[in-house]
Amino acid sequence: MPKRTLSLGWFLFFGREFTGAFEAMDRAVAPARDNPMVLDDIAQALIQVGYINEAAAALARRAATIDPLVPIYQKTLGVIYMEGKAYFSTLMPMRAQ
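Below you will find a few notes about this structure. Note that the structure is predicted; figures quoted are calculated from it, not measured.

**Section: the overall build of the protein chain**
Turning to step 1, where the next piece is worked out: Along the backbone of the protein chain there are six helices and zero strands.
Turning to step 2, where the next piece is worked out: Listing every helix and strand of the protein chain by position from the N terminus yields α-α-α-α-α-α.
Turning to step 3, where the next piece is worked out: Within the protein chain, the fraction of its 97 residues that count as buried is 38%.
Turning to step 4, where the next piece is worked out: When contacts within the protein chain are restricted to residue pairs at least 6 apart in sequence, long-range pairs at least 24 apart make up 43% of them.
Turning to step 5, where the next piece is worked out: Element-wise, carbon and sulfur atoms account for 60% of the exposed surface of the protein chain, whose accessible area totals about 5900 Å².

**Some words on the nonpolar core**
Turning to step 1, where the next piece is worked out: Core analysis: the biggest nonpolar cluster contains 22 residues, and Phe-13, Met-25, Ile-42, Leu-59 and Ile-80 have the highest contact counts within it.
Turning to step 2, where the next piece is worked out: Mapped by element, the contributors of at least two residues to this core are helix H1 (2–14), helix H2 (18–29), helix H3 (36–48), helix H4 (54–66) and helix H5 (71–83).

**Regarding the environment of Ala-60**
Turning to step 1, where the next piece is worked out: Among the secondary structure elements, Ala-60 is positioned in helix H4.
Turning to step 2, where the next piece is worked out: When its relative accessible area of 0% is taken as the criterion, Ala-60 is described as buried.
Turning to step 3, where the next piece is worked out: Remark: the alpha-carbon pair of Ala-60 and Asp-40, spanning 20 residues in sequence, is separated by 5.4 Å.
Turning to step 4, where the next piece is worked out: Apart from the residues lying within four places of it in its own chain, the contact partners of Ala-60 are Ala-43, Tyr-73, Thr-76, Leu-77 and Ile-80.

**Section: the pattern of salt bridges**
Turning to step 1, where the next piece is worked out: A full pass over the atoms with the stated rule returns two salt bridges.
Turning to step 2, where the next piece is worked out: The residue Asp-34 makes a salt bridge to Arg-62 at a minimum N-O spacing of 2.2 Å. Within this pair, whereas Asp-34 is found in the loop between H2 and H3, its partner Arg-62 is found in helix H4, the two being separated by 28 residues in sequence.
Turning to step 3, where the next piece is worked out: Classification of Asp-34 as exposed rests on a relative accessible area of 54%.
Turning to step 4, where the next piece is worked out: Linking Arg-61 and Glu-54 is a salt bridge whose minimum nitrogen-to-oxygen distance equals 2.2 Å.
Turning to step 5, where the next piece is worked out: Arg-61 gets classed as partly exposed once you look at its relative accessible area, which sits at 30%.

**Focus on H4**
Turning to step 1, where the next piece is worked out: Taking 1.5 Å of rise per residue, 13 residues should cover 18 Å, and H4 covers 18 Å from first to last C-alpha, within 8% of that figure.
Turning to step 2, where the next piece is worked out: Taken residue by residue, H4 has Ala-56, Ala-57, Leu-59, Ala-60, Ala-63 and Ala-64 as its buried positions. The arc that holds every buried residue of H4, seen down its axis, measures 160°, which confines them to one face. Turned more than 90 degrees from where H4 packs its buried face, Glu-54 and Thr-65 sit exposed.

About the thresholds
- Residues numbered from 1 in each chain as written.
- Predicted model: local features only at pLDDT ≥ 70, side-chain atom pairs only at ≥ 80, totals over all residues.
- Heavy atoms only, no water.
- Helix = DSSP H or I, 4+ residues; strand = E, 2+ residues; numbered from the N terminus.
- Buried < 20%, exposed > 50% of the residue type's maximum accessible area, 1.4 Å probe, protein only.
- Contact = heavy atoms within 4.5 Å.
- Areas by Shrake-Rupley, 256 points an atom, 1.4 Å probe, with all protein chains shown as cover.
- Core = buried A, V, L, I, M, F, W, Y, C linked by side-chain atoms within 4.5 Å.
- Salt bridge = Lys/Arg side-chain N within 4 Å of Asp/Glu carboxyl O.
- Expected span 1.5 Å × (residues − 1).
- Arc of directions from axis to C-beta.

Written out as structure tokens, the structure is:
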């Protein structure tokens, strides 16, 4: 169910229906708090609309903590830190590899 709801969220996102997109993505997270793919997808969507803040960082950190061997989760976190000008923090995910 979370993957289907997440897919709906991305469909709405690319159709520029951002309110509906993030509502669907919120519904996807509720039952999938431990699904790093869902968490990372939502963090990436937040990045794409320029909403780079602690909420996006928390989602990306959670995904990277759950499955630290998936490089894309580390990359998402690095992008958030770079955009937020937290340059020292940007290096931390890279050191983990």
